[in-house]
Amino acid sequence: MATLPFATAATPTKVQSALPLVGRIGIAAIFLLSGLSKLAAPAATIGYIAASGLPLPQLGFAIALLVELGGGAALILGYRIRAVAAVLAAFSLATAFAFHAALGDQNQFIHFFKNVAMAGGLLQIVAFGAGGWSLDARR
C-alpha cells in the first residue's frame, strides 16, 4: 500500500508543512480583496457603513482597512498569528451581525454564514498556530 503525503509520521512531510501556509493564503485572500475594494471606493464604503446605522462611519472605514489589509498580510506571513487570527475571527463575526443579519434575504444568509465559517477557520489557526512556514516559527 502506498504512503499518502498526509501520513501521520512524527516528522511532517513537505505537504503537511506547506498546508498551513496554503490555508492562511486562502483565508487571507478574502480580507485582502475586501480591503482593496474598500480602498478603491472609500465614499461608497463609508456610505454603506453609515446606511447600516453604525456610528462614526469614517472611523469604521479606517478600522476595516487596517484589519483587512494589515490582518490579511500578517496572516499570510504568519506573523503573531494567534492574535491576528483572533482579531480577524472577531471582525468576521462582528461584520456578520452588523451587515449580514437579514437572514430572510438569501444573499445575506449566505454572507452571514460565510463569515461564520471564516471565523471557524480562523479559530483553528488560533488553536494550532501558523505552522512551520511562518515568521512565528522563525522566532
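Cut-off values and rules
- Residues numbered from 1 in each chain as written.
- Predicted model: local features only at pLDDT ≥ 70, side-chain atom pairs only at ≥ 80, totals over all residues.
- Heavy atoms only, no water.
- Salt bridge = Lys/Arg side-chain N within 4 Å of Asp/Glu carboxyl O.
- Helix = DSSP H or I, 4+ residues; strand = E, 2+ residues; numbered from the N terminus.
- Buried < 20%, exposed > 50% of the residue type's maximum accessible area, 1.4 Å probe, protein only.
- Contact = heavy atoms within 4.5 Å.

Draft legend 1. Structural context of the pattern of salt bridges. Per the stated rule, a full pass over the model turns up 2 salt bridges. One salt bridge in this structure joins E68 and K38, with 3.2 Å as the shortest N-O distance. Remark: K38 occurs in helix α1 (residues 14-40) and E68 occurs in helix α3 (residues 57-77); sequence separation between them is 30 residues. Here E68 matches K38 in class, with each residue buried. The partner of R139 in a salt bridge is D136, and the shortest N-O contact between them spans 3.2 Å. Given the relative accessible area of 59%, R139 is considered exposed.

Draft legend 2. Fine view of the environment of L21. Counting through the fold element by element, L21 comes out in helix α1. Classification of L21 by relative accessible area gives partly exposed; the value is 23%. In sequence terms L21 and G78 are 57 residues apart; their C-alpha atoms lie 7.9 Å from each other. Discounting chain neighbours no more than four positions away, the residues touching L21 are I76 and W133.

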